[in-house]
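# Architecture at a glance
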Amino acid sequence: MARIGFIGVGNMGGPMSANLSKAQHQVRAFDLSPEAVAAAEAAGATAAPTVAEAVKDAEIVVTMLPAGAHVREVYMGENGIFANAPKGTLFIDSSTIDVATSREVAAAAEEAGFAMLDAPVSGGTGGAEGGTLTFMVGGDADAFERGAKAFDAMGKTIVHCGSAGAGQAVKACNNMMLAISMIGVAEGFNLADALGIDRQIVYNVCSTATASSWALNTYCPVPGPAPASPANRDYQAGFTADMMLKDLRLAQDAAQKAGVSTPLGSEAQALFALFSNMGSGAKDFSGIIEMLRGKV
Ligand code: NAD
């Protein structure tokens, strides 16, 4: 059982904090949204009125915030975590942010006498609720060991990916691969439709042939073949197109800084930006098949 400060109890952080409480950890939750804090409180946390109160005697601090700017401010700002957590506290940032900011905040944490891990997640709100998230973790091995009790309460697959920023790097690579493969699967189904081939036949063959992928087999972008996929509920998210766009931008940012050519990642970003600008950013990302078909 550990004392854990949790900052950012929104769609993901809320259920993650609830799972920490369920595992008998003492959670103090803070969020700018009073509704979010009230929900965390109802799920077993103690409400904290400020960041300072949430972290003041914490052994571990978990953050689940929208983007890099929020993470920098909440950790390094005047009344932030660095200024108020006891020395030696372990910080776990599970927000999905750019690799450069993640490394910058981790280096500043170390200099100020703290250990820090970047630990973005995959698995969405369902995974957060079920405690089955995948954590991709960057940081040193000792810190990774210390974080185990928190990770175990929130996730199922916990992978140490390397030094600071490595978790964010793996997350950006994964989501860039996923976006590209989803667009490929969508184009395949659109072509099959135009050629008059039954979608279930396409699915039966391709999901067991060389085109097999998570985007096709599990998250199939046409209704029918994979009954649990968002295509069966009019592309209600799931994982929104705007979230995918954010992650593609992070991947492109990292690729540009590293001088790597990712032409399909760049094209995927452009297509998701178009889909979002057409008013579909809140739809599930697999709904991009409709735009590619000229339907949106
Ligand atoms: P969300 O907007 O529901 O939650 C973020 C919370 O942070 C909000 O409640 C907001 O009030 C709070 N917040 C913002 N600034 C703050 C500050 N300065 N101090 C305290 N609280 C502050 O977003 P979410 O869906 O929970 O996503 C959080 C992170 O998880 C993002 O980085 C996102 O990319 C990542 N992620 C989301 C999903 C998903 O399916 N929703 C999946 C994987 C990863």
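Above this text you will find the structure in question.
## Description of the packing of aromatic side chains
With the rule as written, the count across this model stands at 11 aromatic pairs. Here the aromatic rings of F82 and F114 are separated by 5.8 Å at their centres, their planes lie at 25 degrees, and the arrangement is stacked. With F82 in helix α5 (residues 81-84) and F114 in the loop between α6 (99-111) and β6 (115-118), this pair connects stretches of sequence that are 32 residues apart. Using a relative accessible area of 15% as the deciding quantity, one classes F82 as buried. On the accessibility criterion, F114 (5% relative accessible area) is buried. Ring pairs connect the aromatic residues W214, Y219, F239, F272 and F285, which therefore count as one cluster.

## Focus: a nonpolar patch on the surface
Among the surface-exposed residues, L191, L195, I197, I201 and V205 lie close enough to one another that they form a single nonpolar patch of about 480 Å² accessible area. Topologically, I201 is positioned in helix α10 (residues 199-206).

## Here's the deal with the pairing of strand β8 (residues 133-138)
Walk down a regular strand and you will see the side chains alternate between the two sheet faces. The buried count for β8 comes to five of six residues, which makes it a mostly enclosed element. Across two bridges, strand β7 (residues 121-122) lies against β8 in antiparallel orientation. Its bridge partner being in β8, V121 is matched across the sheet by F135. Of the strand pairs in this sheet, β8 and strand β9 (residues 155-162) are connected by six bridges, and their pairing is parallel. Within the sheet, the bridge partner assigned to T134 lies in β9 and is T157. Handedness of the β-α-β unit built from β8, helix α8 (residues 141-154) and β9 comes out right-handed.

The rules behind the values
- Residues numbered from 1 in each chain as written.
- Predicted model: local features only at pLDDT ≥ 70, side-chain atom pairs only at ≥ 80, totals over all residues.
- Heavy atoms only, no water.
- Phe/Tyr/Trp six-rings, centres within 6.5 Å; stacked < 30°, edge-to-face > 60°.
- Helix = DSSP H or I, 4+ residues; strand = E, 2+ residues; numbered from the N terminus.
- Buried < 20%, exposed > 50% of the residue type's maximum accessible area, 1.4 Å probe, protein only.
- Patch = residues over 30% accessible without salt bridge, like charges linked within 9 Å, V, L, I, M, F, W, Y side chains within 5 Å.
- Areas by Shrake-Rupley, 256 points an atom, 1.4 Å probe, with all protein chains shown as cover.
- Salt bridge = Lys/Arg side-chain N within 4 Å of Asp/Glu carboxyl O.
- Pairing = 2+ DSSP bridges.
- Right-handed = clockwise from strand over helix to strand, strands pointing away.

Functional significance is not addressed by these values, which are geometric in nature.
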